[in-house]
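Reading the structure
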Amino acid sequence: MHFLETAILLFLGAFLLTYLTIPKIIGVVEYKRLMDSPDHRSSHKTKTPTLGGVAFFYTLVFALFFMRGWGVFDEAMYIIPGLTILFIVGLKDDLVVISPGAKLIAQVCAIAFILANPSFTIFSLNGFLNINEIPFYLYLIIAGFMMLTIINSYNLIDGIDGLASVVGIVIMVIYTTIFYLTKEYFFALLSITVNASLMAFLGFNLSSDKKIFMGDTGSLIVGFVISILTLKFLALRPNAYTELPFLLENAPLIAISILIVPLFDTARVFAIRIANKKGPFSPDRNHTHHVLIDYWGLTHKQASFIIGCFNLLFVMLFIVLGSTAKNLGMVIMLVSVVIFLGYIFFRYNYNFATLKQKIMLRRKVDQIKGKVEETNGKRKKRRSGEREAPDHEE
């Protein structure tokens, strides 16, 4: 079967499987009362079904069975154990909550299966910042840290309706294109499968009557796949880059630009929490999407769409620049953009423990003003009534 036929069948199969089974998951979650209850940090106001990521897991496992023949190093058999570990951990975290330490250990175990496959080994940075050959132990450290960062960064942006799905779709479209051009068809099919599931899930996530969250179950799985695709992108052999519209040495910067939304948001949030003398993993409403909603008054759909468009445009800009510019100039530009964006969003939150406190204070003031105006209005009516009463008696 040709690649195009396989891609179409996998896309349709993954989309339909996710789309048709999510309502069943919603029904079970509602029947068993496993819904996510809103708290002071939540962007939703009613109990909402979670565990949408369950559909991602079995869809991916089925798809990996059908695409196993496309892998050169039998990658599917190394991905399934990691997916299973993160599925179990994410499911438990959605139901009863587990400690960050236990979650981290599970992620390391899942990543170990990927690093054991020779398809993902990075032998060289191809001249990025004048770095060429790298020893194997250094590859393990860099790759492991990078995958952990990507998994947790993607998990952190899953805070409002549609955002994780939209960003995931943008990333998958880019990686599908990259791996198709480099003839790495297994990873192109993997990107297409996850993209189909995210598109099917997005409709329910934005729905008003059939809403469901992907939960940690979904965000860990999708983040894991994104980290795998990023590692494979950086592990491509030099001859593969001849088909791509940017210089070989700029590949690490292109990877950062693809992941700019989760990486920037995570770095910004950690900086704010540390500046406020809190732990980097302490929960709050300091994320970029919370700023757009709470401070700028955008809806979930508007914030998700704007962030997704920014991600796509940012990648396109860096691909264009990466076709001619040296990586040192691109590094300077990337740092400048990050500092500029960091200033725009950081200034809203530095002096407050959370932006939510500021918004709640504003709402309380508005409520008090409303009550005062209402009381004054009643008094005026009462006085006017008292004045009209004698005239009526006459």
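To start, this report covers the structure provided alongside it. (Residues numbered from 1 in each chain as written. Predicted model: local features only at pLDDT ≥ 70, side-chain atom pairs only at ≥ 80, totals over all residues. Heavy atoms only, no water.)

1. Observations regarding the pattern of salt bridges
Note that side chains of opposite charge can pair when their charged atoms are close. Note the following rule: We define a salt bridge as a side-chain nitrogen of Lys or Arg found within 4 Å of a carboxyl oxygen belonging to Asp or Glu. In DSSP terms, a helix is any run of H or I states spanning at least four residues, a strand is any run of E spanning at least two, and both are numbered starting from the N terminus. Only protein chains enter the accessibility calculation, which uses a 1.4 Å probe; a residue whose area is less than 20% of its type maximum is buried, one above 50% is exposed, and one in between is partly exposed.
Counted under the stated rule, the structure contains 4 salt bridges. The partner of Lys103 in a salt bridge is Asp93, and the shortest N-O contact between them spans 2.9 Å. Here the residue Lys103 occupies a position in helix α4 (residues 100-115), and Asp93 occupies one in helix α3 (residues 76-95), the gap between them amounting to 10 residues. Looking at Lys103, the relative accessible area reads 12%, which means it is buried. Owing to a relative accessible area of 10%, Asp93 belongs among the buried residues under this scheme. For the salt bridge of Lys232 with Glu184, the shortest nitrogen-to-oxygen distance reads 3.9 Å. Note that Lys232 is positioned in helix α8 (residues 215-234) and Glu184 in the loop between α6 (163-181) and α7 (185-205), a separation of 48 residues in sequence. A cluster of three or more residues bridged by salt bridges with shared partners is formed by Asp93, Lys103 and Asp216.

2. A few points about a nonpolar patch on the surface
For the record, the criterion: Nonpolar side chains (Val, Leu, Ile, Met, Phe, Trp, Tyr) within 5 Å and like charges within 9 Å form the patches, drawn only from residues with over 30% relative accessible area and no salt bridge. Method for areas: the Shrake-Rupley scheme with a 1.4 Å probe, in which residue coverage is limited to the protein chains shown.
Among the surface-exposed residues, Leu4, Ile8, Leu12, Leu16, Tyr19 and Leu20 lie close enough to one another that they form a single nonpolar patch of about 600 Å² accessible area. Mapped onto the elements, Ile8 comes out in helix α1 (residues 3-32).

3. Things to note about the packing of α6 against helix α12 (residues 300-322)
This is how the line gets drawn: All axes here are fitted lines through C-alpha atoms, helices being fitted over the stretch that makes contact, and every angle between N-to-C directions spans 0 to 180 degrees. Angular relationships are summarised with four words: roughly parallel below 35 degrees, roughly antiparallel beyond 145, roughly perpendicular across 65 to 115, and oblique for the angles in between. Take the far helix as your reference; a near helix turned counterclockwise from it by less than a right angle gives a left-handed crossing, and one turned clockwise gives a right-handed crossing. Here, two residues are considered to be in contact whenever any of their heavy atoms come within 4.5 Å of each other. Gly is put with the polar residues, along with every residue not named as nonpolar or charged; the nonpolar set is Ala, Val, Leu, Ile, Met, Phe, Trp, Tyr, Cys and Pro, and the charged set is Asp, Glu, Lys and Arg.
Direction vectors running N to C along α6 and α12 enclose 20°, while the axes themselves pass 8 Å from each other. Judged on the interaxial angle alone, α12 and α6 are roughly parallel. Considering only the axes of α6 and α12, their crossing is right-handed. In this structure, α6 uses Leu163, Val166, Val167, Val170, Ile171 and Ile174 to contact α12, whose residues at the interface are Ser304, Ile307, Gly308, Asn311, Leu312 and Val315. In the contact of α6 with α12, the residues fall into 9 nonpolar, 3 polar and no charged.

4. Side note on the nonpolar core
Where we set the bar: Definition used in this section: a nonpolar core is a set of buried Ala, Val, Leu, Ile, Met, Phe, Trp, Tyr and Cys residues joined via side-chain atoms within 4.5 Å.
Counting 100 residues, the largest nonpolar core has Phe224, Leu231 and Phe233 as its most contacted members. Ranked by the residues each element gives to this core, the list is headed by α6, at 12 residues. Look past the residues within four positions of Phe224 in its chain and what remains in contact with it is Ile79, Gly82, Leu83, Leu86, Ala110, Ile111, Ile114, Met147 and Ile151.

5. Some points on the packing of aromatic side chains
Counted only if it meets this: Only Phe, Tyr and Trp rings take part, Trp by its six-membered ring, and two of them pair if their centres are within 6.5 Å. Stacked means planes under 30 degrees apart, edge-to-face means over 60, and tilted covers everything else. By definition here, charges over rings are those cases where NZ of Lys or CZ of Arg is within 6 Å of the ring centre and within 35 degrees of the ring normal.
What the rule picks out here adds up to 22 aromatic pairs. Ring centres of Phe15 and Tyr19 lie 6.0 Å apart, and the angle between their planes is 5°; this geometry places the pair in the stacked category. Here Tyr19 and Phe15 lie together in helix α1, a separation of 4 residues that amounts to about one turn. Since its relative accessible area comes to 42%, Tyr19 is described here as partly exposed. Ring centres of Tyr19 and Phe204 lie 5.3 Å apart, and the angle between their planes is 45°; on these two criteria the pair is classed as tilted. Placement of Tyr19 in helix α1 and of Phe204 in helix α7 is noted, with a sequence separation of 185 residues between them. Through a chain of ring-to-ring contacts, the aromatic side chains of Phe120, Tyr175, Phe179, Phe186, Phe187, Phe233, Tyr241 and Phe246 assemble into a single cluster. The residue whose ring lies beneath Arg68 is Phe65, and the NZ or CZ to ring-centre distance is 4.2 Å.

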